[in-house]
Every structure is written in structure tokens, then in C-alpha cells.
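Take a look at the letters that make up each chain.
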Amino acid sequence: MAEAQSEATDRVDPLDGDPRLEPFFGTSWPAVLGFHDLLVSQGELRGLVGPRELSRLWERHLLNSAAVVPFLPRGGRIIDLGSGAGLPGIVVAAMLPDAEVVLLEPMERRTTWLSEVAEQLGLDNVVVRRGRAQDEHGRLVGAAVTVRAVASLDKLYRMAMPLLQAGGSLLALKGSKAEDEIEAAKHVGRKLGAGVASVVDAPTIEGVEVTRVVRVVREAVPGVR
Ligand SMILES: C[S@@+](CC[C@H](N)C(=O)[O-])C[C@H]1O[C@@H](n2cnc3c(N)ncnc32)[C@H](O)[C@@H]1O
């Protein structure tokens, strides 16, 4: 009994019902709340989020995803590389209705989920594309690439730089090792047209962990497409 009770308590998200969420998300609130509810009802069952994540969906996943939005263009094409359950892509699409958000994901089970979510939430600016980033080089290009929890920065440069138009930005949600990854990826980045990488602390609501975003602009490189 005590065990069952503690399991139930573990699953309570302290930010559920927090009155600051709706004003933070503004007009995207119904879609973001709908996405939250779909993750709660189906995310674990469909193997998209771990059971421990359900008690921290707002802080670790939805607000963490929303933190990247101020660094993105309002329109044009944004590619979310390795979208998985839709993080940050679905949140970005809900918050930026004038952008086309391509959710690039190789696993069929996940693309099925992403298409269902976009349809159920009425997000008609979402395009779900099944594939690996490297298979889309020369076929898909955007004004920005978002990415979370897919690979280290040196690998991300190889995957993402060819998906960016000159002047476009790679925005990678990273943790405490961001600076080390930037240093380790410097040489690869230079070859692939990555400009100087910076780490930006992106706050959302007070008391919630600040998201660390690595921001890199793709420069025009002669001979590199
Ligand atoms: C750990 S999950 C992260 C998912 C989501 N971005 C998140 O933060 O919750 C990594 C995702 O990247 C996808 N992925 C792995 N290699 C990839 C590649 N080469 N191109 C595109 N996506 C890839 C996987 O299928 C998986 O869904």
C-alpha cells in the first residue's frame, strides 16, 4: 500500500496546474496542454517517454523545448532533427504557427506517433518526414535546425550543417557539457561551415531549470553545399 502510494506520488508533476503555464504559452497553450496530455496518456505505453519522466514533463521536456523558441525565425522552415516523441518539434510548431516545422525522425513507430499528434492537435504547420539526417542532405534545407538528445556536437555538425541554408542556425539543447562539446567539435565545424558557437542560457518560468542552448550560424563556404 505504502509502495503504491509512493509510486503514485512519484508520478505527480509539481508543475501540473501551475497558473504561470497558460500565460507563458499564450495562444499555443491549448496545443501544448493537449500534447502534454497525450504524452501522459500514451507516452509510456508507446515507449516514447520513460516512467520517471512523467513527473517532470513540464520542466524537463515541455518548458525545456519552449526555451529554444526565442532563438528561432518566426517563419520559414525549421527542421527538428531526431524528433522522437516530438521534443522540441511539436512545442516549436505550436508556438510558431507561421513556420513550417519538419519533424525528421527515422523510426516508423515514432513517425506514426508524430503524425497522430500533429493531426489531433490541429498543427497544420507540421510535416513529418521519416529518415536520417544524412539521407536528407541535398534534399531538405531549412532556416534553422533544432535538436535535443541526438548526438554530440561534432556528429551534429555532420548531420545538421548540410540541412541549413547559409545564414541559418543550428540550435542544440545541451546540458552542462556544452562548452566541452563546442571545443571538441571546433575543427569539424570549421570544415563544414559552422560559425563560432555560443552557449545561451534560456530561461522560461521562475524556479524552472534554465535551458542551455548551443547556437551556431552556418556560414557560406565555397565548395560546400
Ligand atoms: C534520445 S532520442 C531524443 C528524441 C527527442 N529529440 C527528445 O529530446 O526527446 C534520439 C532520437 O534521434 C533519432 N535519430 C537517431 N539517429 C538519427 C539520425 N541520423 N537522423 C535523424 N534522427 C536520428 C532517434 O530515432 C531518436 O528518436
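Because the structure is a prediction, the values reported are computed rather than measured. (Residues numbered from 1 in each chain as written. Predicted model: local features only at pLDDT ≥ 70, side-chain atom pairs only at ≥ 80, totals over all residues. Heavy atoms only, no water.)

Visitor: Looking at this structure, how should I read the overall build of the protein?
Guide: A count of helical and extended segments in the protein gives eight helices and seven strands. The principal-axis extents of the C-alpha atoms in the protein amount to approximately 65 × 35 × 30 Å. Buried positions account for 49% of the 225 residues belonging to the protein. At a minimum sequence separation of 6, the contacts of the protein that also span at least 24 residues come to 67%. Here the protein carries 26 positive and 30 negative side-chain charges, and the mean point of each set is 10 Å from the other. (Helix = DSSP H or I, 4+ residues; strand = E, 2+ residues; numbered from the N terminus. Buried < 20%, exposed > 50% of the residue type's maximum accessible area, 1.4 Å probe, protein only. Contact = heavy atoms within 4.5 Å. Lys, Arg positive; Asp, Glu negative; His and termini not counted. Charge placed at Lys NZ, Arg CZ, Asp CG, Glu CD.)

Visitor: I'm lost on the site of the ligand in this one. Help?
Guide: Residues in contact with the ligand amount to 17 residues; listed here are only the nearest, Gly82, Leu87, Glu105, Arg110 and Arg148. One of the backbone N or O atoms of Leu87 is found 2.7 Å from a nitrogen atom in the ligand. In this structure, Glu105 approaches the ligand through a side-chain N or O atom, which is 2.6 Å from an oxygen atom. Expressed as a share of its isolated accessible area of 600 Å², the protein-covered part of the ligand is 76%. Residues that form the shell around the ligand fall into these classes: eight nonpolar, five polar and four charged. (Near = heavy atom within 4 Å. Polar contact = N/O pair within 3.5 Å; in protein donor to acceptor, adjacent residues only side chain to side chain. Areas by Shrake-Rupley, 256 points an atom, 1.4 Å probe, with all protein chains shown as cover. Nonpolar A, V, L, I, M, F, W, Y, C, P; charged D, E, K, R; others polar.)

Visitor: Whenever I open this one, the packing of helix H7 (residues 153-160) against helix H8 (residues 178-191) confuses me. Can you help?
Guide: Two quantities define a packed helix pair, namely the angle between the helix axes and the distance between the axes. Their axes nearest at 7 Å, the elements H7 and H8 cross at an angle of 40 degrees. Relative to H8, H7 is oriented oblique. Where H7 abuts H8, its residues Leu153, Asp154, Tyr157 and Arg158 lie against Glu181, Ile182, Ala185, Val188 and Gly189. Looking at the contact of H7 with H8 residue by residue, the class counts come to five nonpolar, one polar and three charged. (Axes fitted to C-alpha atoms, helices over the stretch in contact; angles between N-to-C directions. Parallel < 35°, antiparallel > 145°, perpendicular 65-115°, else oblique.)

Visitor: For this particular structure, what's the right way to read the nonpolar core?
Guide: General note: in soluble globular proteins, nonpolar side chains tend to be found buried as a group. Formed by 48 residues in total, the largest nonpolar core has its most connected members in Phe25, Phe35, Trp58 and Trp113. Looking at this core, the elements with two or more residues in it are helix H2 (21-25), helix H3 (29-43), helix H4 (57-66), helix H5 (89-95), strand E2 (99-105), helix H6 (108-121) and strand E5 (164-174). Once residues lying within four places of it in the same chain are set aside, the contact partners of Trp58 are Asp13, Leu15, Asp16, Leu21, Phe25, Trp29, Val32, Leu33, His36, Leu63 and Asn64. By size, the runner-up hydrophobic cluster in this structure holds 27 residues, among which are Leu104, Leu153, Met161 and Ala185. (Core = buried A, V, L, I, M, F, W, Y, C linked by side-chain atoms within 4.5 Å.)

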